[in-house]
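Residue-level listing of the chains:
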Amino acid sequence: MTPELFTPLRLRGVELRNRIVVSPMCQYSAVEGVVQDWHLEHHARFALGGCGAAFVEATGVTRDGRITHGCTGLWEDGQIAGLARIASMYRGHGVAPGIQLVHAGRRASQARPWEGNKPLALGGPDPAWQTVGPSAVPEREGYPVPHVLTAAEIGEVVEAFRAATLRARQAGFELVEIHGAHGYLLHSFFSPIPNRREDEFGGSLERRMRVPLMVAEAVRAAWPAELPLDP
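A short tour of the structure in this document, coming up. (Residues numbered from 1 in each chain as written. Predicted model: local features only at pLDDT ≥ 70, side-chain atom pairs only at ≥ 80, totals over all residues. Heavy atoms only, no water.)

### Considering the overall build of the protein chain
The number of helices and strands found in the protein chain is six helices and nine strands. Taken against the 2.2 N^0.38 rule, which gives 17 Å for 231 residues, the C-alpha radius of gyration of the protein chain at 18 Å falls within 12% of a compact globule. Taken along the three principal axes of its C-alpha coordinates, the protein chain extends 55 × 40 × 35 Å. When each of the 231 residues of the protein chain is scored for burial, the buried share is 49%. (Helix = DSSP H or I, 4+ residues; strand = E, 2+ residues; numbered from the N terminus. Rg over C-alpha atoms; globule rule 2.2 N^0.38 Å. Buried < 20%, exposed > 50% of the residue type's maximum accessible area, 1.4 Å probe, protein only.)

In structure tokens, the structure reads:
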């Protein structure tokens, strides 16, 4: 009898040949959000391994939404082609290609792990940028104070997720995942620890959930109905 792990699984209109899924793994090796040959080599080994689906790493929906200078992005059309090479390679080996979309929020503007994984300085080859969040609460003591997003800026973030979703589909991905954990922007709106707002985006659980739900609704509307979304 075949173990269930190796049996097909249908997710909306996508048929996975088995239930083995490669999780997103940040490589911190992109240049201005554009994937490099390293990324193709990284994913080729999983394509050859016979998994059912595989996800590209946390990909910033805005330039300032990246975790590090080396993170992949989908905030402009010029980033589509490189990611399309990865998606095409996976499909060619019978693997459903997926991508994880993220805005790092107050955890953005970090050094790469092998460079210390700490907030970037204002000078140097990889200069820091202004982080954002629901409230002026740093990630931890000694970390930068994030800019408090206005209602209009929240709308811009929602639109950025929507636009990145359209680019992901143009690149040929069949699965999309919204990163809502690890203290990144959507998680920080949901949590009462960093979210001290007193407007429609803070306070009660219902109001703290508003931004993540707005993003999920925008992404779902932009993503084909026959393709699965992991919010």
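### Details of helix α2 (residues 80–92)
Residues lying three or four places apart along an α-helix face the same way, a consequence of the helix completing one turn every 3.6 residues. Along its 13 residues, α2 runs 18 Å from first to last C-alpha, staying within 8% of the 18 Å computed at 1.5 Å per residue. For α2, the full list of buried residues reads I80, G82, L83, I86, A87, M89 and Y90. Downstream of α2 by a residue or two, G94 has a phi angle that is positive, lying close to 75°. (Expected span 1.5 Å × (residues − 1).)

### A look at the packing of helix α1 (residues 37–47) against α2
Any two packed helices are characterised by how steeply their axes cross, that is the angle between the axes, and by the distance between the axes. Direction vectors running N to C along α1 and α2 enclose 15°, while the axes themselves pass 10 Å from each other. As the angle between them shows, α1 and α2 are arranged roughly parallel. Taken as a pair, α1 and α2 cross one another with a handedness that is right-handed. Residues D37, H39, L40, H43, A44, F46 and A47 of α1 pack against R85, I86, M89 and Y90 of α2. By residue class, the composition of the contact of α1 with α2 is seven nonpolar, two polar and two charged. (Axes fitted to C-alpha atoms, helices over the stretch in contact; angles between N-to-C directions. Parallel < 35°, antiparallel > 145°, perpendicular 65-115°, else oblique. Left-handed = near helix turned anticlockwise from the far one by under 90°. Contact = heavy atoms within 4.5 Å. Nonpolar A, V, L, I, M, F, W, Y, C, P; charged D, E, K, R; others polar.)

### Let's talk about the pattern of salt bridges
With the rule as written, the count across this model stands at 12 salt bridges. The partner of R85 in a salt bridge is D37, with the nearest N and O atoms 3.6 Å apart. Highlighted residues: R85 in helix α2 and D37 in helix α1, separated in sequence by 48 residues. Here R85 falls in the partly exposed class, since its relative accessible area comes to 44%. Bridged by salt links that share partners, the residues R106, R107, E139 and R140 form one connected network. (Salt bridge = Lys/Arg side-chain N within 4 Å of Asp/Glu carboxyl O.)

### Structural notes on the packing of aromatic side chains
Applying the stated criterion to the full structure yields one aromatic pair. Positioned above the aromatic ring of W129, the side-chain terminus of R66 is 5.2 Å from the ring centre. (Phe/Tyr/Trp six-rings, centres within 6.5 Å; stacked < 30°, edge-to-face > 60°. Lys NZ or Arg CZ within 6 Å of the ring centre and 35° of its normal.)

### Some words on the sheet that holds strand β8 (residues 175–178)
Strand order in this open sheet of five strands is β3-β4-β5-β8-β9, and the pairing throughout is parallel. On the outer flanks of this sheet lie β3 (21–22) and β9 (229–230), each paired with one strand and no other. Bridge analysis of strand β5 (residues 96–102) against β8 gives four bridges, and the strand direction is parallel. In the sheet register, I99 faces β8, and the bridge partner there is V176. Sheet strands touched by helix α3 (residues 151–170): β5 and β8. Its angle to β5, the strand with the most contacts, is close to 160°. (Pairing = 2+ DSSP bridges.)

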